[in-house]
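Commentary on secondary and tertiary structure
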Amino acid sequence: MNRPVSQCSLSTRPGNVLIRGGRVIDPAAGRDAIGDVFIQNGIFAAVPENLPPDTEIINASGLVVCPGFIDMHVHLREPGQSAKETIDSGTTAAAAGGFTSVVAMPNTSPPADSASVVAWVLDRAAAKAKVNVFTSGAISLGLKGEELAPIGSLAKAGVAALTDDGNCIQNHELMRRAVEYARMFSLPVFDHCQDYSLVGDGIVNEGYWSTVLGLPGWPAAGEELVVLRNILLAELCEHHIHCQHLSCKGSVERLREAHRRGVPISGELCPHHIALTDDSVSSFDTRFKMNPPLRTEADVEALIEGVADGTISILASDHAPHTRAEKEVEFDRAPFGITGLETEVGLFFKILVHERKAISLPRFVALFTSEPARLLRLDRGTLIEGAPGDVTLFAPDLEWEFNRDASLSLSKNTPFHRWQLKGRAVRTIVKGQTVWSL
Amino acid sequence: MPSWTRKDLLSIAELDAQEIQLLLDTAASFKQAGTRGVKKHDDLRGRTLVNLFVEPSTRTRISFELAALRLSADVINISADSSSLTKGETLKDTAKNIEALEADIIVLRHQSAGAPLFLARRLSCSVINAGDGAHAHPTQALLDVFTIRERLGRVAGLHVVIIGDILFSRVARSNIWTLLKLGARVTLVGPSTLVPRSFERMGVRVERDLDSVLPTANVVNLLRIQHERQRREYFPSLGEYTALFGLTKQRAARLPDDCLIMHPGPINRGVEIDSEVADSGRSVILDQVTNGLAVRMAALFLCAGCDPARIEEPDFDR
């Protein structure tokens, strides 16, 4: 069966632009050289002898010219939770973070478990979105983990992936059938890896700090167990499962071992899981409450090592906006999650490339472009002629301070207020139109 | 003379040994004054104390209420079922409203760990933690240690054994911090499900064999086993718990003669402790309740910014 095309929407019109004199890094094409990039009517094209008259010319000297960055783990909160975020505000924040494409998670209200909700999101994005919005559909009806969502209809409606993100299907049989069924449509299945019986009401990493603070512990084994489950099911069903926001050492080790056997499974990292550790929760500050929780130094080391050796191939934000009123409550009553679209690139680049030297600049670009594009089977994440003209201009040595008051997200629930970051997208171009610039 | 600079009493973990000693000394002054017949003090006259008990409790609330009355404060009691919290008001809004009525001290009991710190950071009035989730119960630990110091004359160098459900116990956590900061040795005993080894990083010993620990104990502090935990499979049955960790008469015989037996109450007679042991001469369970009053007076007094040097003065107004 042919895979239906993943639909994406945005509200900007295509443009013509010539980006001159930057260091052009296109990992998918093996290109890394000073050069020019031309976009004609929103599509990459060869630089012509005579430029069309309305061509915008951008001097990119001193900058890195990358395919537009893709974040495949974003909560845009529409429909139903527009006090937290809207497609408009969320994609504006994405543009400011350097992203030209995002994949919206389906745990909205109502959830994206039907073609009509997917269609609504794509329509809304066509009217409001500043960057390309891809959608994901629920694996199970109502994200309840009980019966399959109409996966065929969701595929036809154009979802790019299936996930019950925020929830994890506990019934292995249901998960197995979902993965088998999704294979018909070549749709990758994303999983939030959490064993409910083992994790219980856990909210912070089970360890010293949960012990001292008397907060219910969330043991790392509760993630590792489901990563292992997913490895077995990916192998059994011969279809791709993507493990979202990995937080612990054991998960990395399991994935590494599975990759040796060629199992179609991938892992994702969020910046907070390497920028912070579980001692951050000692002040009961709900800006440090996310799921999975912050873990230990040993986990941070293993996650960075996982990125360095390719075990982890996807970087994402898990941008999870919540209102101040929702977050400003007792620790155990606060929702999980932090915003991340605008801090993600600066945090990852500072830690992974500048400080830890775990990866090179071209690999960093690949992690945000060719890797997610390959996993999602998108016709982008590259600068080759004919691909959609999405570009991120990146300043790798730019040092800057993030201020949540300047954030373009509707919500300000970030632990990174006033953090010093290094590396920043300075211009975001979607289909040849600049949608954000510093 | 060390001074008290905090507006709040949130946890023992944030105090240093001098601050703990000051609290204990201040409590001792109040107790002494009481034995001389000076029960009522003027120090909080005109001040308003609000007992905000989001999690229900009778004995701690009454102890704080009496302590406040002994200091001549005006007292208002608010419980969860009588407050707007049941109508969906947030804790922050409830507290802001209480503060707007010019309350000077809020005593908070709450199911959520960290709730008192949450309030203390948002309010200018004093916040006293009367127990938050499994996190902390500072005045309970202070009254326990006060009782130990009173009976045994010291805390440093003593071996204190805490037995039972440590994992879910704010009393245990606050006791551990207080005892360690004052130089005692602490051993935790209980099933591996309720006394995980992760407690060792706090600086205590974790043991499973109660019989081997008892002969060197100066104090045993028994924590209440909460029946509802059984459903969650932390241990097979109350009978098995008692067989392994209950302070039976036979086990109590292994204790040194001058060993104190403590319990924060309410007691499950026949579960964590035999009736006869609970009522024996070594048991100081009722002293703990009595001392709770002096300790809570001290906490209110110091957080309200009063001067400890003044306590000895008799109350001429009466």
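Small disclaimer: the values here were computed from a predicted structure and weren't measured. Just so you know, the residues in each chain are numbered from 1, in the order the chain's sequence is written. Chain labels run from A onward and ligand labels from 1 onward, assigned in the order the entries are written. pLDDT decides what is reported in this predicted model: residues at 70 or higher carry local features, side-chain atom pairs at 80 or more are listed and counted, and totals for whole chains, interfaces and linings draw on all residues regardless.

Another point: the overall build of chain B. Every helix listed is a DSSP run of H or I at least four residues long, and every strand listed is a run of E at least two residues long, numbered separately from the N terminus. A count of helical and extended segments in chain B gives 12 helices and 9 strands. Each of the three principal axes of chain B carries a C-alpha extent, and together these read 55 × 45 × 35 Å. The burial label depends on the number of other C-beta atoms within 10 Å of a residue's C-beta. Counts of 20 or more mean buried, 12 or fewer mean exposed, and intermediate counts mean partly exposed, with C-beta atoms placed from the backbone. Looking at the 318 residues of chain B, the share that counts as buried comes to 48%. Within chain B, contacts between residues separated by at least 24 positions form 75% of all contacts whose residues are at least 6 apart in sequence. By definition, residues are in contact whenever their C-beta atoms, placed on the basis of the backbone, come within 7 Å of each other.

A tally of helices and strands in chain A yields 14 helices and 19 strands. In this treatment the radius of gyration is a C-alpha quantity, and the globule benchmark scales as 2.2 Å times the residue count to the 0.38 power. Over its C-alpha atoms chain A spans a radius of gyration of 20 Å, differing by no more than 12% from the 22 Å that the globule rule assigns to 438 residues. With the C-alpha coordinates aligned to their principal axes, the bounding extent of chain A is approximately 65 × 50 × 45 Å. Across the 438 residues of chain A, 61% fall into the buried class. When contacts within chain A are restricted to residue pairs at least 6 apart in sequence, long-range pairs at least 24 apart make up 77% of them.

For the rest of this paragraph, the subject is the domain arrangement of chain B. Residue and element names in this part refer to chain B. Taken as a whole, chain B is organised into domain 1 (17–136 + 292–308) and domain 2 (138–288). The source of the domain bounds is an automatic or database domain assignment. Placing a centre on the C-alpha atoms of domain 1 and another on those of domain 2 gives a separation of 26 Å. Each partner contributes to the interface: domain 1 provides 18 residues, whereas domain 2 provides 17 residues. If you list the elements that add at least two residues to the side of domain 1 that touches domain 2, you get helix 1 (17–35), strand 4 (126–132) and helix 12 (285–303). Examining the composition of the side of domain 1 that touches domain 2, we find that 5 residues originate from one element, helix 1, more than from any other.

Turning our eyes to something else, we now look at the packing of helix 1 of chain B against helix 5 (residues 138–152) of chain B. All names here are of chain B. Helix axes are fitted only over the stretch in contact, all axes being lines through C-alpha atoms; the angle between N-to-C directions runs from 0 to 180 degrees. Where helix 1 contacts helix 5, the two axes come as close as 10 Å, and the packing angle between them is 70 degrees. On the basis of their axis angle, the class for helix 1 and helix 5 is roughly perpendicular. In this structure, the crossing between helix 1 and helix 5 has a hand that is right-handed. Residue-level inspection shows Leu23, Leu24 and Ala27 of helix 1 in contact with helix 5, the latter providing Leu142, Val145, Phe146 and Arg149. Under the scheme applied here, ten amino acids are nonpolar (Ala, Val, Leu, Ile, Met, Phe, Trp, Tyr, Cys and Pro), four are charged (Asp, Glu, Lys and Arg), and all others, including Gly, are polar. The class makeup of the residues in the contact of helix 1 with helix 5 is 6 nonpolar, no polar and 1 charged. Roughly parallel means an angle under 35 degrees; roughly antiparallel means over 145; roughly perpendicular covers 65 to 115; every other angle is labelled oblique. Each crossing gets its handedness from the near helix: less than a right angle anticlockwise from the far helix is left-handed, clockwise is right-handed.

So, about the packing of helix 4 (residues 172–184) of chain A against helix 7 (residues 221–237) of chain A. All names here are of chain A. Contact pair helix 4 / helix 7: the axes reach a minimum separation of 10 Å and the direction vectors enclose 45 degrees. Put simply, helix 4 runs oblique to helix 7. Between helix 4 and helix 7 lies a crossing whose hand is right-handed. Facing helix 4, whose interface residues are His172, Met175, Arg176, Val179, Glu180 and Arg183, helix 7 presents Arg229, Leu233, Leu236 and Cys237.

This part is about the pairing of strand 3 (residues 31–40) of chain A. Residues and elements named next belong to chain A. Here, strands pair whenever DSSP counts at least two bridges between them. Pairing geometry for strand 2 (residues 17–26) and strand 3, over 8 bridges, is antiparallel. What sits directly across from Leu18, in strand 3, is Phe38. In sequence, strand 2 turns back onto strand 3 through a hairpin of 4 residues, with Gly30 there showing a positive phi of about 65 degrees. Both strand 3 and strand 4 (residues 43–45) contribute to a ladder of 3 bridges, which runs antiparallel. Within the sheet, the bridge partner assigned to Gln40 lies in strand 4 and is Ile43.

Turning our attention to the nonpolar core. Residue and element names in this part refer to chain A. Residues enter a nonpolar core if they are buried, belong to Ala, Val, Leu, Ile, Met, Phe, Trp, Tyr or Cys, and are joined to the set through C-beta atoms within 7 Å. Residues Val65, Val102, Val131, Val133, Val159, Leu162 and Leu303 are the most contacted members of the largest nonpolar core, which totals 122 residues. Of the residues forming this core, the biggest block, 7 residues, is contributed by helix 7. Residues within four places of Val65 in sequence aside, it is in contact with Ile19, Gly22, Arg23, Val24, Val37, Ala60, Val391 and Leu393.

Turning to the interface of chain A and chain B, a few remarks are in order. Contacts between the two partners involve 14 residues from chain A and, on the opposite side, 20 residues from chain B. Considering only residue class, the side of chain A that touches chain B consists of 7 nonpolar, 3 polar and 4 charged.

All names here are of chain A. To estimate how far a helix should reach, multiply one less than its number of residues by 1.5 Å. Its 13 residues place the ends of helix 4 19 Å apart at the C-alpha level, agreeing with the 18 Å of an ideal helix rising 1.5 Å per residue. Considered for burial, the residues of helix 4 that qualify are Met175, Ala178, Val179 and Ala182. Buried residues in helix 4, looked at end-on, bunch into an arc of 95 degrees, giving them a common side. Tucked into the core, helix 4 has its buried residues touching helix 3 (151–157), strand 10 (161–163), strand 11 (189–191), helix 7 and strand 14 (241–243). Phi for Ser186, located one or two positions after helix 4, is positive at around 55 degrees. Taking the helix axis as origin, the arc is that swept by the directions to the C-beta atoms.

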